[in-house]
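Here is how the chains run, residue by residue.
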Amino acid sequence: MKVIGNNYTGAELEGSGILPIYALAGLAFAVLAMLLYRKRRMETVSDYIAIPVLKPVFRYCMGFGGAFLLAAFLFSNFFQNTVYGAKAAWVMAVLMIAGAFLGWLAAEMIIRRSVHILPLHWKGLGIVCAACLLFVLIAEKDLTGYERRVPDPEQVSRVEFCYDTVFTEPENIKAVTELHREMIGKKAIYDKRKTDVILYTNEHSFGDGTQPVGTEKIIQLYVPVGYVMKNGDVLRREYSIRFESSEANDPDSTVGHIIRILNTEEGIRNRMTPNMPMEKTYINYAAITVETGEGIVRSLSLSQEEMTELWHTAMLPDAEEGHLGIFLISDTEDNLKSQTNLTIEVFLYDRSGTHDPSNWYQTYRVYTFSEHCLGWIEAHTDLMWETLDTVRQSGTE
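Residues numbered from 1 in each chain as written. Predicted model: local features only at pLDDT ≥ 70, side-chain atom pairs only at ≥ 80, totals over all residues. Heavy atoms only, no water.

Draft legend 1. Representation of the overall build of the protein within the structure. Helices and strands together make up the secondary structure of the protein, namely twelve helices and twelve strands. Residue pairs in contact within the protein that sit at least 24 positions apart in sequence constitute 69% of those at least 6 positions apart. (Helix = DSSP H or I, 4+ residues; strand = E, 2+ residues; numbered from the N terminus. Contact = heavy atoms within 4.5 Å.)

Draft legend 2. Highlighting the packing of aromatic side chains. Per the counting criterion, the structure on display carries seven aromatic pairs. Between the aromatic rings of Tyr367 and Phe369, the centroid separation amounts to 5.1 Å while the plane-to-plane angle is 5°, which identifies the pairing as stacked. Of the residues examined, Phe369 reaches a relative accessible area of 27% and is grouped as partly exposed. It is Arg237 that lies over the ring of Tyr146; its NZ or CZ is 3.7 Å from the centre. (Phe/Tyr/Trp six-rings, centres within 6.5 Å; stacked < 30°, edge-to-face > 60°. Buried < 20%, exposed > 50% of the residue type's maximum accessible area, 1.4 Å probe, protein only. Lys NZ or Arg CZ within 6 Å of the ring centre and 35° of its normal.)

Draft legend 3. A look at the layout of surface pockets. One number sums up the size of the largest pocket: a volume of about 1400 Å³. Contributing to the lining of the largest pocket are 38 residues, with Phe75, Ala88, Glu147, Lys187 and Glu238 lying nearest its centre. Of all the secondary-structure elements, those providing two or more residues to the lining of the largest pocket are α2 (55–79), α3 (85–112), α4 (122–141), α5 (170–185), α6 (187–192), β7 (218–229) and β8 (234–244). For the lining of the largest pocket, the element with the most residues is β8, which contributes seven residues. When its residues are assigned to classes, the lining of the largest pocket shows 22 nonpolar, seven polar and nine charged. (1 Å grid on protein atoms, 1.4 Å probe; cavity = no way out; pocket = protein on both sides within 12 Å on 5 of 7 lines; lining within 4 Å. Points joined across faces, edges and corners; volume = space filled by probe spheres on them. Nonpolar A, V, L, I, M, F, W, Y, C, P; charged D, E, K, R; others polar.)

Draft legend 4. Looking closely at a nonpolar patch on the surface. Where nonpolar side chains cluster on the molecular surface, the patch consists of Leu24, Leu27, Val31, Met34 and Leu35 and spans about 470 Å² of accessible area. If you trace the backbone, Met34 turns up in helix α1 (residues 19–38). Met34 sits in the partly exposed class, given a relative accessible area of 39%. (Patch = residues over 30% accessible without salt bridge, like charges linked within 9 Å, V, L, I, M, F, W, Y side chains within 5 Å. Areas by Shrake-Rupley, 256 points an atom, 1.4 Å probe, with all protein chains shown as cover. Salt bridge = Lys/Arg side-chain N within 4 Å of Asp/Glu carboxyl O.)

Draft legend 5. Quick look at the nonpolar core. Counting 32 residues, the largest nonpolar core has Met307 and Met315 as the members making the most contacts within it. For this core, the elements supplying multiple residues, two or more each, are β9 (283–291), α9 (304–320), β11 (339–349), β12 (359–367) and α11 (371–380). Setting aside its immediate chain neighbours within four residues, Met307 contacts Met278, Ile283, Ala286, Leu302, Met315, Ile344 and Val346. Counting 31 residues, the second-largest nonpolar core is a separate cluster that includes Val176, Ile259, Leu262 and Phe327. (Core = buried A, V, L, I, M, F, W, Y, C linked by side-chain atoms within 4.5 Å.)

Draft legend 6. Representation of the pattern of salt bridges. All chains considered together, the criterion is met by twelve salt bridges. The salt bridge involving Asp142 is made with Arg148; its shortest N-O contact spans 3.0 Å. A relative accessible area of 6% means that Asp142 is categorised as buried. A network of salt bridges, in which partner residues are shared, links Arg59, Glu108 and Arg112.

Draft legend 7. Region of interest: the environment of Asn81. Structurally, the position occupied by Asn81 is in the loop between α2 and α3. We classify Asn81 as partly exposed; its relative accessible area is 32%. When the C-alpha atoms of Asn81 and Ser240 are compared, they prove to be 9.7 Å apart, with 159 residues separating the residues in sequence.

Draft legend 8. Region of interest: the pairing of β11. In terms of burial, β11 is a largely internal element, ten of the eleven residues being buried. Strand direction decides the pairing type here: β11 and β12, joined by eight bridges, are antiparallel. Following the sheet pairing, Val346 is matched in β12 by Gln362. (Pairing = 2+ DSSP bridges.)

Draft legend 9. Examining the environment of Ala131 more closely. By the element assignment, Ala131 lies in helix α4. A C-alpha to C-alpha distance of 9.7 Å links Ala131 and Ile97, two positions 34 residues apart in sequence.

Draft legend 10. Here's a closer look at α2. When the terminal C-alpha atoms of α2 are compared, their 34 Å separation across 25 residues agrees well with the 36 Å that a helix rising 1.5 Å per residue should span. The set of residues buried in α2 consists of Arg59, Gly63, Gly66, Ala67, Ala71 and Phe75. In this structure, the buried side of α2 is in contact with α3 and α4. (Expected span 1.5 Å × (residues − 1).)

Now the structure itself:
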């Protein structure tokens, strides 16, 4: 199941073509298990593994299962944003070997129904550990070419990019594939950079997708890329690139390329197009929020009529001029000066169930150059805006 971005509910089923294969495989294993169980020897009825020939299989399953489960759990919770590249591979290898050892011991205890498991089947355990090391080596060196695989843009019908942006125009699809190759080529550089501030894509906010702002020089950006091919195949990859904050304003840098792609006309139009009309019928909630220097956020609710007017007379004109719905790296000094402390929040809900999904939610940062929005807010509210750098500097004084 894939959760659809920008919405509270709604899901689409992926991989339905392979489900019957899984079902048939499960049925075949169930039939095989029944046949084997019927042929078990009576003296093994009380054993946890009643079929002697399956005891080695059980050991290997527990060994590999323990390796992958323990490594995945510990790495994702304690090492994911602290080690990268070759160091991450070594950590993963150690965790997999530890997990294999624990899984193998657990299997022996179950088979022997005792904690006294010596002598241990060291040869089998060694095979599992060697296989784990080989798996890590293949993954780290990308011996299968999985990591370097980039599709031909001519064969792509749609690209699902970060910030829930979808591209269908050929020139933008080609730009994403070129960016994809660039990120792959700079993997060694990213792996050597220590992350001080983490910037994740925030699917509900454009222009302010950061965690707390600081003066650190290294930022991390999460970049998912999904290709839907013309033949129906899907290729998805996820990357974390680490860059110096100064690169955010360099149009020739990797992050500069990401910003340029996200801020294309199609990208902005895509993010400014809800899945249902911006009409009173569907507007469930709308507000303008104000960030203060004390970290307090004040919210001014908008009526359905006000939100409709704001959207059509101010937000869409600003978006058409490239002044709203854009993506900026918030941690840079120049970008903080161009952002106001105002955001517009809107939540659409279709009670009739006509639209799928039935919910759509988004927030938009208002910029100093969003003239239509600022003019509307000044004319219809008593809100006073400041630039983000001024607000956040006053909050630290």
